[in-house]
Amino acid sequence: MKRHTYFISSRSSSTDVLAAQLALSVKERFSKISGFGVAGTALKQGPVEPTFDLEQVISLGLHDTKAYSKEASQLAEEILECAKERLPELAILVGYFQFQHKLAQFFRSEGVPVVLYGSTPSQAWGTIGSEDLAASVDHILGTTPKAPKIIADSKLPYNYMGTPQKGRVGRVSVSPATIGIDASKPIVIAMPGSNLQQAQKLLPFMEQLGERLLERVPNIQLIVPLTAFLYHKAQAKLFDPKKIKVTKIEGQGNSTSYGCFTLLDGMSLEVLSLSTVAMTGMGSTSLESALCKVPFVACAEAKNGKLFESMANEMAEQELGLELGLNDDIDKAVDYLASFLQNSELLQKQSEVLEDFSDSLKSGASESSAEYIGEHVVRWNQLRRSRIPRSV
């Protein structure tokens, strides 16, 4: 008898966490189902066979739209050959990018249902259009209430399953002293994301934004938390070693600075929960800021590929459904962040806006998605381990 299997792959280290949560929810409900695929640090700890390494996929640039290197092409071929040899009942793609699209096209051609789970930042779609998506994906299980424009244009049904970060972010509580932060100065956190190629482009822009902000509001501390595996394993590629300075502070150990930033090892959500404002990338970091009720400027590569833009109304609506009133003018971005640092009433009002946004979201995304897959995509309900209450 053929084993019941599914293939799973994600686009980044942050979506790998979502993949791990979903895999665990599937296993809790359908014990006879086994998964395999492209796994990162989080998914490797879960109930899935890590057939291929996500870090290798990222480092070789398989997510990029440019021509692959010989080594990258070989890895892509190996993944597709494995998928064909072990043809699963279902393919789950967590987030989307160029190679995920190739996987979707392959599975669709083999008659395997393709589920796209999670959210994908607008810049990650690259040259993939709504018609391409409609021809390659069967089900969309989203993690934000509003479907991004490319999905809406594809006419594929959009099912909002919940927001995975909501429960995790809401539980964070810490005092500044416990993580070595000066409680007397407002914190501005910079989170360029866990995608190395994007972080390499965003960090210099955030430095520029941070330096301009320091000129306006000198009594602040700018912090970059180093939590993602990417930073620890690729620091030399992200940070210029000539700009890193280590200072010994008597009775407190060492302090590491990088330009205008202090580098703090670990605890990004803890630092975020203590922050007054934030600079983020597009995707998980901007969503986490919103859930922490921290006003933010989300930065993304502009269409010309050379400049960067702060989050514009259109991008904010596409990603989160929030209208922040920003455009691609860095002066306005500085004004926006400075206004909250200098005016407590404005800060309170914006925090209330973000609280309303947080209240509009629901939790239980992985549980609801596992239930949906078992009912509507493949016939797994008959294999259910036990009657687990369904998420609402």
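Before any of the text, the structure's been laid out above.
A few points on the structure.

1. Section: unusual backbone geometry
Then comes step 1: Positive phi, close to 70°, is recorded for Lys-155, a residue that is not glycine.
Then comes step 2: If you trace the backbone, Lys-155 turns up in the loop between helix H7 (149–154) and strand S7 (158–160).
Then comes step 3: A positive phi angle, close to 60°, is found at Lys-293, a residue other than glycine.
Then comes step 4: Residue placement: Lys-293 occurs in the loop between helix H13 (284–291) and strand S14 (296–301).

2. Quick notes on the pattern of salt bridges
Then comes step 1: For the coordinates displayed, the defined rule picks out nine salt bridges.
Then comes step 2: The salt bridge involving Arg-29 is made with Glu-371; its shortest N-O contact spans 3.1 Å. Of this pair, Arg-29 sits in helix H1 (residues 13–29) while Glu-371 sits in helix H17 (residues 365–377), and the two are 342 residues apart along the sequence.
Then comes step 3: Since its relative accessible area comes to 2%, Arg-29 is described here as buried.
Then comes step 4: For the salt bridge of Glu-207 with Lys-243, the shortest nitrogen-to-oxygen distance reads 2.7 Å. In this pair, Glu-207 is assigned in helix H9 (residues 196–216) and Lys-243 in the loop between helix H11 (235–238) and strand S10 (244–249), connecting sequence segments 36 residues apart.
Then comes step 5: A relative accessible area of 8% means that Glu-207 is categorised as buried.
Then comes step 6: Taken together, the shared-partner salt bridges in this structure form one network comprising Glu-28, Arg-29 and Glu-371.

3. A closer look at the sheet that holds strand S4 (residues 90–94)
Then comes step 1: Strand order in the open sheet made by the seven strands is S3-S2-S1-S4-S5-S6-S7, with parallel pairing throughout. Every interior strand has two partners, whereas the edge strands, strand S3 (48–53) and S7, have only one. This sheet shows a mean twist of 20° between the axes of neighbouring strands, independent of strand direction.
Then comes step 2: Sitting on the sheet, H1 is in contact with strand S1 (5–10), strand S2 (34–39), S3, S4 and strand S5 (114–117), with an inclination near 160° to S1.

4. Side note on the pairing of S14
Then comes step 1: Burial within S14 is extensive, with six of its six residues counted as buried.
Then comes step 2: Residues Phe-296, Ala-298 and Ala-300 line one face of S14 and the alternating positions Val-297, Cys-299 and Glu-301 line the opposite face, and both faces are buried.
Then comes step 3: Pairing analysis gives three bridges linking strand S13 (residues 277–280) to S14, with the strands arranged parallel. When the bridges of S14 are listed, Ala-278 appears paired with Phe-296.
Then comes step 4: You can see the chain leave S13, run along H13 and come back into S14, and the turn it takes is right-handed.

5. Considerations on the side chain of His-139
Then comes step 1: As for its position among the elements, His-139 is in strand S6 (residues 139–142).
Then comes step 2: With near-sequence residues (within four places) excluded, His-139 lies in contact with Val-114, Val-115, Leu-116, Tyr-372, His-376 and Val-377.

6. With respect to H9
Then comes step 1: Helix length check: H9, at 21 residues, gives a terminal C-alpha distance of 30 Å against a target of 30 Å (1.5 Å per residue), a fit within 8%.
Then comes step 2: In the structure, H9 departs most strongly from a straight axis at Leu-202, where the bend amounts to approximately 25° and where the proline Pro-204 lies between one and four residues downstream.
Then comes step 3: Buried within H9 we find Leu-196, Gln-198, Ala-199, Leu-202, Leu-203, Phe-205, Met-206, Glu-207, Leu-209, Gly-210 and Leu-213.

7. Details of a negative patch on the surface
Then comes step 1: Together, Glu-77, Glu-78, Glu-81 and Glu-85 make up a negatively charged patch on the protein surface.
Then comes step 2: The exposure class of Glu-77 is partly exposed, given its relative accessible area of 42%.

8. Looking at the side chain of Thr-15
Then comes step 1: Relative to the helices and strands, Thr-15 is located in helix H1.
Then comes step 2: On the basis of relative accessible area, Thr-15 is assigned to the buried category, the value being 5%.
Then comes step 3: For Thr-15, the side chain forms a polar contact with the main-chain nitrogen of Ser-12, separated by 2.9 Å.
Then comes step 4: Ignoring anything within four residues of it in the chain, the contact list for Thr-15 reads Ser-10 and Val-94.

9. What to know about the packing of aromatic side chains
Then comes step 1: For the structure shown, the criterion picks out six aromatic pairs.
Then comes step 2: In this structure an aromatic cluster arises from ring pairing among Phe-7, Phe-36, Phe-106 and Phe-107.
Then comes step 3: Between Arg-86 and the ring centre of Phe-36, over which it is positioned, the NZ or CZ distance is 4.2 Å.

10. Examining the packing of helix H4 (residues 70–85) against helix H5 (residues 98–109)
Then comes step 1: Between H4 and H5, the least distance of the axes is 11 Å, while the angle of their chain directions is 30°. Between H4 and H5, the interaxial angle falls into the category roughly parallel. The way H4 lies across H5 gives a crossing that is right-handed. Within the contact between the two elements, H4 uses Ala-76, Ile-79, Leu-80, Ala-83 and Lys-84 and H5 uses Phe-99, Leu-103, Phe-106 and Phe-107.

11. Focus on the nonpolar core
The nonpolar side chains of a soluble globular protein tend to be buried, and buried together.
Then comes step 1: If you look at the biggest cluster of nonpolar residues, it comprises 61 residues, and the most contacted ones within it are Phe-261 and Met-279.
Then comes step 2: Once residues within four sequence positions are removed from consideration, Met-279 is found in contact with Val-188, Ile-189, Ala-190, Met-191, Met-206, Leu-209, Gly-210, Leu-222, Phe-261, Val-297 and Leu-337.
Then comes step 3: Formed by 37 residues, the second largest nonpolar core is a distinct cluster that contains Val-38, Ala-72, Trp-125 and Val-137.

Each value, and the rule that gives it
- Residues numbered from 1 in each chain as written.
- Predicted model: local features only at pLDDT ≥ 70, side-chain atom pairs only at ≥ 80, totals over all residues.
- Heavy atoms only, no water.
- Helix = DSSP H or I, 4+ residues; strand = E, 2+ residues; numbered from the N terminus.
- Salt bridge = Lys/Arg side-chain N within 4 Å of Asp/Glu carboxyl O.
- Buried < 20%, exposed > 50% of the residue type's maximum accessible area, 1.4 Å probe, protein only.
- Pairing = 2+ DSSP bridges.
- Axes fitted to C-alpha atoms, helices over the stretch in contact; angles between N-to-C directions.
- Contact = heavy atoms within 4.5 Å.
- Right-handed = clockwise from strand over helix to strand, strands pointing away.
- Expected span 1.5 Å × (residues − 1).
- Bend = angle between axes of the 7 residues up to and from the residue.
- Patch = residues over 30% accessible without salt bridge, like charges linked within 9 Å, V, L, I, M, F, W, Y side chains within 5 Å.
- Areas by Shrake-Rupley, 256 points an atom, 1.4 Å probe, with all protein chains shown as cover.
- Lys, Arg positive; Asp, Glu negative; His and termini not counted.
- Charge placed at Lys NZ, Arg CZ, Asp CG, Glu CD.
- Polar contact = N/O pair within 3.5 Å; in protein donor to acceptor, adjacent residues only side chain to side chain.
- Phe/Tyr/Trp six-rings, centres within 6.5 Å; stacked < 30°, edge-to-face > 60°.
- Lys NZ or Arg CZ within 6 Å of the ring centre and 35° of its normal.
- Parallel < 35°, antiparallel > 145°, perpendicular 65-115°, else oblique.
- Left-handed = near helix turned anticlockwise from the far one by under 90°.
- Core = buried A, V, L, I, M, F, W, Y, C linked by side-chain atoms within 4.5 Å.

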